Amino acid sequence: MKIVVIGGTGLIGSKLVAKLGEHGHEAVAASPNTGVDTLTGEGLAEVLAGAQVVVDVSNSPSFEAKAVLEFFETSTSNLLAAEAAAGVGHHVALSVVGTERMPDNGYFRAKIAQEELIQKSGIPYSLVHATQFFEFVKAIADTATEGDTVRMAPVRFQPIAGDEVAQAVGRVAVGAPLNGRTEVAGPDQFQMDDFFRDALAGWGDSRKVVTDPDAQYFGSTPGERTLVPDDGATLGTIHYRDWAAQNATGK
């Protein structure tokens, strides 16, 4: 199949393009770097010609509430219109576990808007909700840092390796449209403050993790199970401790 991966040069997209290619599919990476801009529509008609499936793993360059909403609404609207014109039969989008549980969060609200556009488009679709990636753990700690203190809420946390997110998205992309969603998460569930306390120690990081029930997660206060999947999620097999030992970015 010809499968176009929007955001195909990024972290998940590049892994996905490689995995699909290994399985004999014509996987095309589409991003501004390859001349495809979903915000302006540039290059969309050309890259979608002959495509059976489109996978959108693109992300907003800004997480500011207004900017991220505009990105996902504009990008998704342009992409869906181009897919309809090209006769694409399956739209797959990567989203986030817990979007509906924290709608006051600007990023989560933007992802909800994206999903609503997809559901109303008339194009068969699948939504893959993933938990936080191992590759972003350090960035999460950095955003929660004040001086030499990292404030973390004592809520559930179940991160997943980017390789396993790409694998899950790839399986969905080559299957029949779900016209619904599936969830993927890592194999281990932690308490967030404990996880980061251990992670920082593993990095040799001197910052102190403080347990704070009111600590914010990218601008919002998560509930006990906001960031973890419901029962029935597909779980990965790569443990964070093993991944961190093998990846310099996890140290």
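Counting restarts for each chain: residues are numbered from 1 in the order of the written sequence. In keeping with the predicted nature of the model, local features appear solely for residues at pLDDT of at least 70, side-chain atom pairs appear and are counted solely at 80 or more, and the whole-chain, interface and lining totals rest on all residues. Water and hydrogen atoms were dropped before computing side-chain values, which therefore reflect all heavy atoms in the structure.

A. Molecular detail of empty space enclosed by the protein. As defined here, a cavity is a set of points on a 1 Å grid over the protein atoms alone where a 1.4 Å probe fits but cannot get out. A pocket is an open set with protein on both sides within 12 Å along at least five of seven lines, and residues line them when an atom is within 4 Å of a point. Grid points are joined across faces, edges and corners, and a volume is the space filled by probe spheres set on the points. Tallied over the full model, the rule gives one cavity of 30 Å³ or more. I140, T143, A144, R151, M152, A153, M192, A215, Q216, Y217, F218 and P222 together form the lining of the largest cavity. Of all the elements in the fold, those that place two or more residues in the lining of the largest cavity are α5 (137–143) and β7 (149–152). Classification convention: Asp, Glu, Lys, Arg as charged; Ala, Val, Leu, Ile, Met, Phe, Trp, Tyr, Cys, Pro as nonpolar; all other residues, Gly among them, as polar. When the residues that make up the lining of the largest cavity are grouped by side-chain class, the tally is nine nonpolar, two polar and one charged. Segments assigned H or I by DSSP are reported as helices when at least four residues long, segments assigned E as strands when at least two residues long, and all are numbered from the N terminus.

B. Geometry of the nonpolar core. The biggest cluster of nonpolar side chains holds 32 residues, and the ones touching the most others in it are M152, M192, F195, F196, L200, W203 and Y240. Those elements giving two or more residues to this core turn out to be α3 (65–86), α4 (106–120), α5, β7, α7 (192–203) and α8 (240–246). Considering every element that reaches this core, the biggest residue donor is α7, with six residues. Nonpolar cores were defined as sets of buried Ala, Val, Leu, Ile, Met, Phe, Trp, Tyr and Cys residues, with membership established by side-chain atoms within 4.5 Å. Exposed residues in this analysis have more than 50% of their type's maximum accessible area, buried residues have under 20%, and partly exposed residues fall in between, with area computed by a 1.4 Å probe over protein chains only. If you look at the next biggest cluster of nonpolar residues, it comprises 22 residues, including L16, F133, V165 and V184.

C. Summary view of the sheet that holds strand β4 (residues 90–96). Note on pairing: DSSP must find at least two bridges between two strands before they are called paired. Pairing in this open sheet of seven strands is parallel, and the strands run β2-β1-β3-β4-β5-β9-β12 from one edge to the other. The open sheet is flanked by β2 (26–30) and β12 (234–235), the only strands paired with a single partner. In this sheet, β4 lies alongside strand β3 (residues 53–56) in parallel orientation, the contact comprising four bridges. For D56, the partnering residue across the bridge sits in β4 and is A93. The contact definition used throughout considers only heavy atoms, calling two residues in contact when any of these lie within 4.5 Å. To get an axis, a line is fitted to the C-alpha atoms, and for a helix only the part in contact is used. The angle between two axes follows their N-to-C directions and goes from 0 to 180 degrees. Contacting β1 (2–6), β2, β3 and β4, helix α1 (residues 11–22) runs over the sheet at an angle of about 170° to β1. Each of β3, β4 and β5 (125–130) touches α4; the most contacted strand, β4, lies at about 165° to it.

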